Amino acid sequence: MSEDKITCLIYPVLQKYYSALNNLKELNITGDIFYNISKIDAFFAEFRTITLVMQKVFNTEELKAYYVAKRDAILSKD
């Protein structure tokens, strides 16, 4: 598989990752708890969708096998 194709596959994942981190950047240090809870909530929601996006993007048998192997390797660690 070419590096260009892999890069294109990763763009949606990176966008979700950036969006998740962007929510943390917007935390309010002045202590507005309701605003901060909303941003932390949004961070976790965006971060959880990274897995769903990866599953959707990795749609060939070769990519699915790669995804499953990497997922299992990560989940088997303590």
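Look a little higher up for the structure.
Residues numbered from 1 in each chain as written. Predicted model: local features only at pLDDT ≥ 70, side-chain atom pairs only at ≥ 80, totals over all residues. Heavy atoms only, no water.

S.K.: Looking at this structure, how should I read the pattern of salt bridges?
M.R.: Pairs may arise between side chains of opposite charge once their charged atoms sit close together. Within this structure, the stated rule accounts for three salt bridges. Of the charged contacts, one joins arginine 71 and aspartate 72 as a salt bridge, the two residues approaching to 3.1 Å between their closest N and O atoms. With a relative accessible area of 33%, arginine 71 lands in the partly exposed category. (Salt bridge = Lys/Arg side-chain N within 4 Å of Asp/Glu carboxyl O. Buried < 20%, exposed > 50% of the residue type's maximum accessible area, 1.4 Å probe, protein only.)

S.K.: I tried to follow the packing of aromatic side chains on my own but got confused; where do I start?
M.R.: The description of an aromatic ring pair rests on the distance of the ring centres and on the angle between the ring planes. By the definition in use, this model includes four aromatic pairs. Ring centres of phenylalanine 43 and phenylalanine 44 lie 5.0 Å apart, and the angle between their planes is 70 degrees; this geometry places the pair in the edge-to-face category. Judged by relative accessible area, phenylalanine 43 falls into the buried class, the value being 12%. Classification of phenylalanine 44 as partly exposed rests on a relative accessible area of 43%. Centre to centre, the rings of phenylalanine 58 and tyrosine 67 are 6.2 Å apart; their planes meet at 90 degrees, and the pair counts as edge-to-face. Pair check on accessibility: phenylalanine 58 and tyrosine 67 agree, each one buried. (Phe/Tyr/Trp six-rings, centres within 6.5 Å; stacked < 30°, edge-to-face > 60°.)

S.K.: I keep staring at the environment of tyrosine 11 and nothing clicks. Help me out?
M.R.: The topology assignment puts tyrosine 11 in helix H1 (residues 3-25). When the C-alpha positions of tyrosine 11 and valine 57 are compared, they lie 9.7 Å apart, and in sequence the two are 46 residues distant. (Helix = DSSP H or I, 4+ residues; strand = E, 2+ residues; numbered from the N terminus.)

S.K.: Is there a simple way to think about helix H2 (residues 33-57) in this case?
M.R.: Helical geometry: 3.6 residues make up each α-helical turn, so side chains three or four residues apart lie on a common side. Between its first and last C-alpha, H2 extends 36 Å over 25 residues, near the 36 Å set by a 1.5 Å rise per residue. Those residues of H2 not exposed but buried are Asn36, Lys39, Phe43, Glu46, Ile50, Val53 and Val57. (Expected span 1.5 Å × (residues − 1).)

S.K.: Any chance you could explain a nonpolar patch on the surface here in plain terms?
M.R.: Side chains of Tyr17, Leu21, Leu24, Leu27, Ile40, Phe44 and Phe47 sit close together on the surface and give an oily, nonpolar patch of about 570 Å² of accessible area. Counting only elements with at least two residues in the nonpolar patch, the list comes to H1 and H2. Note on placement: leucine 27 falls in the loop between H1 and H2. Residue class for leucine 27 comes out partly exposed when judged on its relative accessible area of 32%. (Patch = residues over 30% accessible without salt bridge, like charges linked within 9 Å, V, L, I, M, F, W, Y side chains within 5 Å. Areas by Shrake-Rupley, 256 points an atom, 1.4 Å probe, with all protein chains shown as cover.)

S.K.: Quick question: what am I supposed to make of the nonpolar core here?
M.R.: Proteins that are soluble and globular tend to have nonpolar side chains buried together. With eight residues, the main nonpolar core is built from Leu9, Val13, Ile50, Val53, Val57, Phe58, Leu63 and Tyr67. Breaking this core down by element, the ones donating at least two residues are H1, H2 and helix H3 (61-75). Counting residues per element, this core draws most heavily on H2, at three residues. (Core = buried A, V, L, I, M, F, W, Y, C linked by side-chain atoms within 4.5 Å.)

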